[in-house]
Amino acid sequence: MPLYRQALEYYCLDGWVTEHVNILMEMSNLYRSLAGFEPDSARRAAMNLQRIKLLAPLSGDLSPDHYLGLIRSIDLEVANAYRDVMVEREDQAEGLELQRVPVGGGGVRIPVNPDAVKGRSKSGKTSSKTATTAPPTSTYENVVKKTLGEEERKAQVQLLKLATDAAKKATAFYVRFLNTYLDQTGRLPINAPLPEGSENHVLSAAFNVGRLVRKSSSAVQQPFVPSSSSSSSSSSTTPTTTHTHLELSTTQKEADKDLGRALRLLTWAADYTEKYKVESFRKEAELAKEMVSLMIEHRRRLGALQANGIRI
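All of these numbers come straight from a predicted model, not from anything done at the bench.

Thresholds, definitions, all that
- Residues numbered from 1 in each chain as written.
- Predicted model: local features only at pLDDT ≥ 70, side-chain atom pairs only at ≥ 80, totals over all residues.
- Heavy atoms only, no water.
- Phe/Tyr/Trp six-rings, centres within 6.5 Å; stacked < 30°, edge-to-face > 60°.
- Helix = DSSP H or I, 4+ residues; strand = E, 2+ residues; numbered from the N terminus.
- Buried < 20%, exposed > 50% of the residue type's maximum accessible area, 1.4 Å probe, protein only.
- Lys NZ or Arg CZ within 6 Å of the ring centre and 35° of its normal.
- Core = buried A, V, L, I, M, F, W, Y, C linked by side-chain atoms within 4.5 Å.
- Contact = heavy atoms within 4.5 Å.
- Axes fitted to C-alpha atoms, helices over the stretch in contact; angles between N-to-C directions.
- Parallel < 35°, antiparallel > 145°, perpendicular 65-115°, else oblique.
- Nonpolar A, V, L, I, M, F, W, Y, C, P; charged D, E, K, R; others polar.
- Salt bridge = Lys/Arg side-chain N within 4 Å of Asp/Glu carboxyl O.
- Polar contact = N/O pair within 3.5 Å; in protein donor to acceptor, adjacent residues only side chain to side chain.

Q: So what's going on with the packing of aromatic side chains? Residues and values would help.
A: By the definition in use, this model includes eight aromatic pairs. Relative to Trp-16, the ring of Tyr-10 has its centre 6.2 Å away and its plane inclined at 35°; by these criteria the two rings are tilted. Seen from their ring centres, Trp-268 and Tyr-272 are 5.4 Å apart, and the 35° between their planes marks the pair as tilted. In this pair, Trp-268 and Tyr-272 are both assigned in helix H8 (residues 252-275), four residues apart and thus about one turn of the helix distant. The pair Trp-268 / Tyr-272 is uniform in exposure class, with both members buried. Taken together, the ring pairs in this structure connect Tyr-10, Tyr-11 and Trp-16 into an aromatic cluster. A cation over an aromatic ring shows up here: Arg-72 above the ring of Tyr-181, its NZ or CZ 3.7 Å from the ring centre.

Q: Which residues make up the nonpolar core, and what values do they have?
A: Soluble, globular proteins show a tendency: their nonpolar side chains are buried together. Val-21, Tyr-174, Leu-178, Leu-203, Phe-207 and Trp-268 are the most contacted members of the largest nonpolar core, which totals 62 residues. Ranked by residues supplied to this core, first place goes to helix H4 (residues 64-95) with ten residues. The contact partners of Phe-207, leaving out residues within four places of it in the chain, are Leu-266, Ala-269, Ala-270, Thr-273, Phe-281, Glu-284, Ala-285 and Ala-288.

Q: Could you give an account of the packing of helix H2 (residues 17-35) against helix H3 (residues 41-55), with specific residues and numbers?
A: It is the contact of H2 with H3, at a shortest axis distance of 9 Å, that shows an interaxial angle of 175°. Overall, the two elements H2 and H3 adopt an arrangement that is roughly antiparallel. Between H2 and H3, the contacting residues are Leu-24, Met-25, Met-27, Ser-28, Tyr-31, Arg-32, Leu-34 and Ala-35 on the first element and Arg-44, Met-47, Gln-50, Arg-51, Leu-54 and Leu-55 on the second. Taken together, the residues of the contact of H2 with H3 sort by class into nine nonpolar, two polar and three charged.

Q: Help me get a handle on the environment of Leu-54, residues and values and all.
A: If you trace the backbone, Leu-54 turns up in helix H3. Its relative accessible area of 14% is what places Leu-54 among the buried residues. For the pair Leu-54 and Ile-74, spaced 20 residues apart in the sequence, the C-alpha separation amounts to 9.8 Å.

Q: Explain the pattern of salt bridges residue by residue, including any values.
A: Taken as a whole, this structure holds eleven salt bridges when the rule is applied. The partner of Arg-43 in a salt bridge is Glu-38, with the nearest N and O atoms 3.1 Å apart. On the accessibility criterion, Arg-43 (49% relative accessible area) is partly exposed. Relative accessible area serves as the criterion here: at 13%, Glu-38 is assigned to the buried category. Linking Glu-284 and Arg-211 is a salt bridge whose minimum nitrogen-to-oxygen distance equals 2.9 Å. Remark: Arg-211 occurs in helix H7 (residues 199-217) and Glu-284 occurs in helix H9 (residues 282-307); sequence separation between them is 73 residues.

Q: Lay out the side chain of Glu-77 with the relevant residues and their values.
A: Within the secondary structure layout, Glu-77 lies in helix H4. In this structure the side chain of Glu-77 is engaged in a polar contact, spanning 3.0 Å, whose partner is the side chain of Arg-32. In this structure Glu-77 touches Met-25, Ser-28, Asn-29, Arg-32, Arg-51 and Leu-55, once residues within four positions along its chain are discounted.

In structure tokens form, the structure reads like this:
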């Protein structure tokens, strides 16, 4: 990292724009790679925040007439970093409700590092070194649900607020990235293919926006539910499930706007995938169609509640 910083001093932004940004992108990639080896979610979040600190100040400062490619790279990288921060904050909040217990002491057996168990990195690429069909026992631990104290509950609320903030910013940067591909009608192209080399990035961004907004529009996240294999003695003391969820919008008007945007993006991405036969996103497109149906129904219910004077 010190060598990167020395390089930045030489290749300063004024006069060496491309070189300067490329060095920052490499530093961001390094932080992302290091986060994949870090077991602590708080430290992973901190590393992803460093990615944002490096690149976010440049967003909007470069001329799209001369550096459109760099602008797109910066906005997409920052969006992905905020999305990763959101995931880590959610993991931290959920982790407060889970208490480790000795093996054989009941509870549920969960993976300590799901990415390592699945043999996948944060980017989704499979590693032949980590992929395995039977993960070793050491990669798992037993946990049970516990009742949070007042301070722990406050900490969880704060973590969820941080996750919400990260989700909002991730959505904003994804939309900013997608806006650079709008055609003359102000829409993402469907009658002509996307520029070569950009298809995967644009589709991924569109699907990510849809997922973020769909998640925020859900009433609750799925609670942690101990399996039936948990000891019966602990069932009587299991606390009531606390429902926590992200709120991307602060008003119903904003929520409706978010839902409308997500519906348009998911519909476009699914239609584009089908029309141009993008095989790598075929499953995503199928899920997108299902999400669109659920979001339309959710939007209809919100409208019915509002029509009846029920405040959301």
